[in-house]
Amino acid sequence: MGKVYVFDHPLIQHKLTYIRDVKTGTKEFRELVDEVASLMAFEATRDLPLEDVEIETPVCKTKSKVIAGKKLGIVPILRAGIGMVDGFLKLMPAAKVGHVGLYRDPETLQPVEYYVKLPNDVEERDFIVVDPMLATGGSAVEAINSLKKRGAKNIKFMCLIAAPEGVEIVKEAHPDVDIYIAALDEKLNDHGYIVPGLGDAGDRLFGTK
Ligand code: PRP
Ligand code: URA
């Protein structure tokens, strides 16, 4: 069964407070999402394998560690997932970026896929799917389905805020996927919004609505 990690790091929790705050404008919201994505990426890459290399310091020859040529892919769920990509790439500049476009039908709350573009070597890569919100779980489940259908084998899912209902749905549909969350909130409201949440992540990131 996949594990669920809820990050309690003070820096993440602090920044999340301002992300949630309705008074936070688009520019600051975007910057904060970027910073939290970097902090989460730092935590979520703890298990990357290392290998020894020989180097020479100004003092002597020595063996030291580097990341063992792992091929990584970051996959934002469009639109709002885009806000988390740069934060990841600051730490993992060689990662490739795929895109899965989904929107949630406002009536049925079901995800509708409109775009998929992944790196060619899907089968050889480890993927981290990113989206600020895990609400009903429909979008995350569908995005992970989309990657698996194309051959991806090792997938993690990372979001800023999750509803307990959504976490259960993803665990059930994809028991092999570890889930990384900055905050696990109370519930969903009747419109499928996370409570207390942060509102509409896409609109707040891109200044729409
Ligand atoms: C939001 C969010 C997730 C989805 C989560 O996207 O960014 O992708 O809702 O909801 P779910 O867990 O109930 O599927 P939205 O559908 O609003 O699209 P947008 O990013 O294009 O605004
Ligand atoms: N999508 C959002 O952007 N916010 C929510 O609270 C739920 C889904």
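Computed from a predicted model, the values in this text were never measured in an experiment.

On to the site of ligand 2. The environment of ligand 2 is made up of Arg104, Met133, Ala135, Gly192, Tyr193, Ile194, Gly199, Asp200 and Ala201. Contacts to ligand 2 include Gly199, whose backbone N or O atom sits 2.8 Å from a nitrogen atom. Expressed as a share of its isolated accessible area of 240 Å², the protein-covered part of ligand 2 is 88%.

Summarising the element assignment, Ser146 is placed in helix 4 (residues 138–149). Considered as a pair, Ser146 and Leu89 are 57 residues apart in the sequence and their alpha carbons are 22 Å apart. Sequence-distant contacts of Ser146, that is, excluding residues within four places in its chain, are made with Glu113 and Val116.

With 19 residues, helix 2 (residues 26–44) ought to run about 27 Å at 1.5 Å a step, and its terminal C-alpha atoms sit 26 Å apart, in line with that. Among the residues of helix 2, Phe29, Leu32, Val33, Asp34, Val36, Ala37, Ser38, Met40, Ala41, Glu43 and Ala44 are the ones counted as buried.

This part is about the site of ligand 1. As a structural note, the neighbourhood of ligand 1 is formed by 13 residues, with Arg104, Asp131, Ala135, Thr136 and Ser139 the closest of them. A distance of 2.4 Å separates an oxygen atom of ligand 1 from a polar side-chain atom of Asp131. At 2.8 Å, a backbone N or O of Ala135 approaches an oxygen atom of ligand 1. Alone, ligand 1 offers 500 Å² of accessible surface; in the complex the protein occludes 90% of this. Residues belonging to the shell around ligand 1 are distributed by class as follows: six nonpolar, four polar and three charged.

Close contact between helix 4 and helix 5 (residues 164–173) brings their axes to 8 Å; oriented N to C, the two are set at 25°. Taken as axis vectors, helix 4 and helix 5 run roughly parallel relative to one another. Considering the relative orientation of helix 4 and helix 5, their crossing is right-handed. In contact with Ala140, Val141 and Ile144 of helix 4, helix 5 contributes Ile169, Val170 and Ala173. A class-by-class count of the residues in the contact of helix 4 with helix 5 yields six nonpolar, no polar and no charged.

It is worth spelling out the pattern of salt bridges at this point. Between side chains of opposite charge, pairing is possible as soon as their charged atoms come close. Across all of its chains, the model carries 15 salt bridges by this definition. Its salt-bridge partner being Glu31, residue Lys27 comes within 2.9 Å of it at the nearest N-O pair. Residue Lys27 and its partner Glu31 are both found in helix 2; the two are separated by four residues, about one turn of the helix. Through salt bridges with shared partners, one network takes in Lys71, Asp121, Glu124 and Arg125.

With that out of the way, let us pick up the UniProt feature "binding site: 5-phospho-alpha-D-ribose 1-diphosphate" (unreviewed entry) in the protein chain. Following the UniProt record, the feature "binding site: 5-phospho-alpha-D-ribose 1-diphosphate" (unreviewed entry) maps to Arg79, Arg104, Asp131, Pro132, Met133, Leu134, Ala135, Thr136, Gly137, Gly138, Ser139 and Asp200 here. Note that Pro132 resides in the loop between strand 8 (126–130) and strand 9 (133–134). Those residues in contact with Pro132 that sit more than four places away from it in its chain are Ala80, Gly81, Met84, Cys159, Leu160, Ile161 and Ala201. The residue Gly138 is located in helix 4 in this model.

In this section: unusual backbone geometry. For the bond running from Leu78 to Arg79, omega is 0°, close enough to zero to count as cis. Examined against the element boundaries, Arg79 turns out to sit in the loop between strand 4 (72–78) and helix 3 (85–91). With an omega of 0°, the peptide bond between Val195 and Pro196 qualifies as cis. Of note in this structure, Leu109 is not a glycine but carries a positive phi near 65°.

Conventions used here
- Residues numbered from 1 in each chain as written.
- Chains lettered and ligands numbered in written order.
- Predicted model: local features only at pLDDT ≥ 70, side-chain atom pairs only at ≥ 80, totals over all residues.
- Heavy atoms only, no water.
- Near = heavy atom within 4 Å.
- Polar contact = N/O pair within 3.5 Å; in protein donor to acceptor, adjacent residues only side chain to side chain.
- Areas by Shrake-Rupley, 256 points an atom, 1.4 Å probe, with all protein chains shown as cover.
- Helix = DSSP H or I, 4+ residues; strand = E, 2+ residues; numbered from the N terminus.
- Contact = heavy atoms within 4.5 Å.
- Expected span 1.5 Å × (residues − 1).
- Buried < 20%, exposed > 50% of the residue type's maximum accessible area, 1.4 Å probe, protein only.
- Nonpolar A, V, L, I, M, F, W, Y, C, P; charged D, E, K, R; others polar.
- Axes fitted to C-alpha atoms, helices over the stretch in contact; angles between N-to-C directions.
- Parallel < 35°, antiparallel > 145°, perpendicular 65-115°, else oblique.
- Left-handed = near helix turned anticlockwise from the far one by under 90°.
- Salt bridge = Lys/Arg side-chain N within 4 Å of Asp/Glu carboxyl O.
- UniProt positions renumbered as here; feature names shortened; annotations may be inferred.

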